[in-house]
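What follows is each chain in one-letter form.
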Amino acid sequence: MKNLDPQLVWAFAGVLGLLALSSLIGLALKAFIRKPEAQATISNLNARIGAWWIMSAIFALTLVIGPIGSLVLFGLMSFLALREYVTLLPTRRADHRTLFWAFFIFTPLQYLLIGIQWYGMFAILIPVFAFLFVPARLAIAGDTESFLERASTIQWGLMICVYCLSYTPALLMLQIPGYGRPAKLMLYLVLVDQLSDVMQYVWGKMLGRHKIAPVVSPNKTWEGFVGGVLSATAIGTALWWMTPFTPAVAAAVSLAITLMGFAGGLTMSAIKRDRGVKDYGTLIKGHGGILDRMDSMCFAAPVFFHIVRYFYVR
Amino acid sequence: MKAHPLAGIIAGAARLISGVNVRWVDSEPDPRQTVYFANHTSHLDFVVLWSSLPAEIRARTRPVAAQDYWQKGLRRAIAVNVFRAVLVARRHTVQEGEVASADPRQAMGHMLDAMGSDNSLILFPEGTRGTGEEVAAFKSGLYYLSQQRPGLRLVPGYLNNLNRILPKGEFLPVPFISRLTFGPALTLAPDEPKAAFLTRAREALCRLRSI
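Cut-offs used in this document
- Every chain's residues receive numbers from 1 upward, in the order its sequence appears when written.
- Here the convention is simple: chains get letters from A, ligands get numbers from 1, in the order in which they are written.
- Confidence filtering applies because this is a predicted model: local features only for residues at pLDDT of at least 70, side-chain atom pairs given and counted only at 80 or more, and all residues used for totals across whole chains, interfaces and linings.
- Runs of H or I in DSSP of at least four residues are treated as helices and runs of E of at least two as strands, each being numbered from the N terminus.
- Throughout, radius of gyration means the C-alpha value; the globule benchmark is 2.2 Å times the number of residues raised to the power 0.38.
- The exposure scheme places C-beta atoms from the backbone and then counts, for each residue, the other C-beta atoms within 10 Å of its own, assigning buried at 20 or more, exposed at 12 or fewer, and partly exposed in between.
- Throughout, a residue-residue contact means that the two C-beta atoms, derived from backbone geometry, are no farther apart than 7 Å.
- Two strands are said to pair when DSSP picks up at least two bridges between them.
- Only the stretch in contact is used when a helix axis is fitted, and all axes are lines through C-alpha atoms; the angle between N-to-C directions ranges over 0 to 180 degrees.
- Confidence scores here are pLDDT values: one per residue, from the predictor, ranging 0 to 100.
- The term nonpolar core refers to a set of buried Ala, Val, Leu, Ile, Met, Phe, Trp, Tyr and Cys residues connected through C-beta atoms within 7 Å.
- Residue polarity follows a fixed list, in which Ala, Val, Leu, Ile, Met, Phe, Trp, Tyr, Cys and Pro are nonpolar, Asp, Glu, Lys and Arg are charged, and the others, Gly among them, are polar.
- By this rule the span expected of a helix is its residue count minus one, scaled by 1.5 Å.
- Note on angle classes: values under 35 degrees are labelled roughly parallel, values over 145 roughly antiparallel, values of 65 to 115 roughly perpendicular, and the remainder oblique.
- Here is the rule for handedness: rotate from the far helix to the near one, and if that takes an anticlockwise turn smaller than a right angle the crossing is left-handed, while a clockwise turn gives right-handed.

Participant: Hey, could you go over the overall build of chain B for me, with residue numbers and the actual values?
Facilitator: Looking only at helices and strands, chain B features 9 helices and 9 strands. The globule rule puts the C-alpha radius of gyration for 211 residues at 17 Å, and the 16 Å found for chain B is close to it. Once the C-alpha set of chain B is aligned to its principal axes, its extents read approximately 45 × 40 × 35 Å. By the burial criterion, 40% of the 211 residues in chain B qualify as buried. Residue pairs at least 24 apart in sequence account for 70% of intrachain contacts in chain B once pairs closer than 6 positions are excluded.

Participant: Residue-level account of the overall build of chain A, with values.
Facilitator: When you go through chain A residue by residue, the secondary structure sums to 10 helices and 0 strands. Mapped from its N terminus to its C terminus, chain A presents α and β elements in the order α-α-α-α-α-α-α-α-α-α. For 314 residues, the compact-globule estimate of 2.2 N^0.38 gives 20 Å, and the C-alpha radius of gyration of chain A, at 20 Å, lies within 12% of that figure. Looking at chain A residue by residue over its 314 residues, the buried ones come to 40%. Within chain A, counting contacts between residues at least 6 apart in sequence, those at least 24 apart form 67% of the total.

Participant: I'd like a rundown of the environment of Gln117(A), residues and numbers included.
Facilitator: Residue and element names in this part refer to chain A. By the secondary structure assignment, Gln117 is in the loop between helix 4 (96-115) and helix 5 (119-141). By the C-beta count within 10 Å, which is 13 here, Gln117 ends up partly exposed. Residues Gln117 and Gly69, spaced 48 residues apart in sequence, show a C-alpha to C-alpha distance of 15 Å.

Participant: Could you give me a rundown of the sheet that holds strand 7 (residues 120-123) of chain B, with the residues and numbers involved?
Facilitator: All names here are of chain B. Overall, mixed pairing links the 7 strands, which are arranged 1-9-8-2-7-3-4 in an open sheet. Only two strands of the sheet have a single partner each, and these edge strands are strand 1 (21-24) and strand 4 (86-88). For this sheet, the mean angle separating the axes of adjacent strands, direction not counted, is 20 degrees. One ladder, built from 5 bridges, connects strand 2 (residues 34-38) with strand 8 (residues 153-160); its direction is parallel.

Participant: Quick one: what's the story with the confidence of the model for chain B, residue by residue and with numbers?
Facilitator: Residue and element names in this part refer to chain B. Looking at chain B as a whole, the pLDDT averages 86, with 92% of positions reaching at least 70. Counting interchain partners and residues more than four positions distant, the pLDDT-below-50 stretch residues 93-98 has 3 contacts. For this predicted complex, the interface confidence score (ipTM) comes to 0.84, while the overall pTM stands at 0.88.

Participant: Describe the nonpolar core, with residues and values.
Facilitator: Residue and element names in this part refer to chain A. Counting 125 residues, the largest nonpolar core has Ala81, Leu165, Leu189 and Ala301 as its most contacted members. No other element matches the 12 residues that helix 7 (residues 183-207) contributes to this core. Other than its neighbours up to four places away in sequence, Leu165 contacts Phe74, Met77, Ser78, Ala81, Met294, Met297, Cys298 and Ala301.

Participant: Give me the interface of chain A and chain B: which residues, what numbers.
Facilitator: Of the residues lining the interface, 12 residues belong to chain A; the matching set on chain B comes to 11 residues. Residue assignment for the side of chain A that touches chain B shows that the elements contributing at least two residues are helix 3 (67-88) and helix 4 of chain A. Counted by class, the side of chain A that touches chain B contains 4 nonpolar, 5 polar and 3 charged residues.

Participant: Give me the pairing of strand 2 of chain B: which residues, what numbers.
Facilitator: The buried count for strand 2 of chain B comes to 5 of 5 residues, which makes it a mostly enclosed element. Residues of strand 2 of chain B alternate between two faces, with Thr34(B), Tyr36(B) and Ala38(B) on one and Val35(B) and Phe37(B) on the opposite face, all of them buried.

Participant: How would you explain helix 7 of chain A if you had to name every residue and give the values?
Facilitator: Residues lying three or four places apart along an α-helix face the same way, a consequence of the helix completing one turn every 3.6 residues. Between its first and last C-alpha, helix 7 of chain A extends 35 Å over 25 residues, near the 36 Å set by a 1.5 Å rise per residue. Counting buried positions over the 25 residues of helix 7 of chain A gives 19, a clear majority of the element.

Participant: Quick one: what's the story with helix 1 (residues 7-18) of chain B, residue by residue and with numbers?
Facilitator: Between its terminal C-alpha atoms helix 1 of chain B stretches 16 Å, which fits the 16 Å expected from 12 residues at 1.5 Å a residue. Gly19(B) sits one or two positions beyond helix 1 of chain B and adopts a positive phi of about 50 degrees.

Participant: Lay out the packing of helix 9 (residues 247-275) of chain A against helix 10 (residues 290-312) of chain A with the relevant residues and their values.
Facilitator: Residues and elements named next belong to chain A. Two elements in contact, helix 9 and helix 10, have axes whose closest approach is 7 Å; the angle formed by their N-to-C orientations is 140 degrees. Put simply, helix 9 runs oblique to helix 10. In terms of crossing hand, the pair formed by helix 9 and helix 10 is right-handed. For the pair formed by helix 9 and helix 10, the contact residues are Val253, Ala256, Ile257, Met260, Gly261, Ala263, Gly264, Gly265 and Met268 on the first element and Leu291, Asp295, Ser296, Cys298, Phe299, Ala300, Val303, Phe304 and Ile307 on the second. Partitioning the contact of helix 9 with helix 10 into residue classes produces 13 nonpolar, 4 polar and 1 charged.

Below, the structure written as structure tokens:
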């Protein structure tokens, strides 16, 4: 229980309160709104809230276990996200062994490097070594059909699903003078990023009129975007006490997280539309797949990490 | 028939590895005696199809598998004891690498015996594994079984992506999310000619590919 510092407990208590409140609202909507056209939305909302309880419990548990817990959790999420991603690719028979390397060598290695705190190698394993390995291994396999497309889609999947996502537990490597365990910082990032998604959804459902990019994502509206970004930034500012930031810096950092998260959601939607699917998977009830839930994290985590590392480490 | 103690664990592991997403289109699991037939692209096929059936149906469903592949050692022990596979001899003819039952009548007898009065079967009517792009013409097994058991339910199940997880000739799997789509049952109509029936069954299966 040495990992439980009081600030972490307060943050967990806040999440618990928020979950309880959402469940009550979900139940109330189910009980009082009788409009048949709203039923699908309400049952999806309740499925999402149910899934949030489970996801929060898993995340809290791994955070309490310590760095190993978080590394296993995010390593598994990278693995499953990459699986969802490659399922959508038009891979060819000759890609098989290169993909085997991506899943069973590069993915575990990336998280192992965080575990042994080897920052220098963590930062270049995928952008340098995997980047060069993938096309070389494909060339050895001997199939030149759509060669560049195949090589770059595999490289891109490794970058997004493994490299970018691994920046979340990589926060645990940071030694910030005068700040306790960086587990709180990881929780802060996840809270602001995920609440930004939730608030964009909530504002979008309540007020959403003007679509931002109807072809890419029919559910993203200007009202949802502005409301979500502002409320998540407000929450991130109010949580400055669990970070090494001053309130003003916390506001700026939260804004960066929410904007990056929005860019991530939009980008990952564009891929789904290109491949003609609604969701990446069906693992998380009401949400879709891992990649549907973590799309914003993939973009927010690396930027957040480097902001903190540049300004607060050393 | 009681399920093997390992059956549940193996079924769970198979579903996890294959990430299979099971859908019943215009149909639902039915405990009545059935022949499940599917496209064949990977050694994982029957394991995944078998694992995707509800436990009580699975316990009475026996896959039909090639004796030459499953006859030795641990493979055989699992095939016979856990899946209660019906092992059927096949003969490799030299031309085109085509595969046919060594003695179709004998194989048919094995299958009918294995079905008894209430067991179901899993059958791959193409006879051999394909590339995953095309479903080959069906062998006659489905027709002869239906002739012997009038009114026999035949349920098509289309398997997507298993050839990508473990393609022909590879021994290490790569994770992909696979999909199994079951469709409504069909039965042999009285006086339906063999060729027409086999075409109808194949089309019922192919229709599920992109639903």
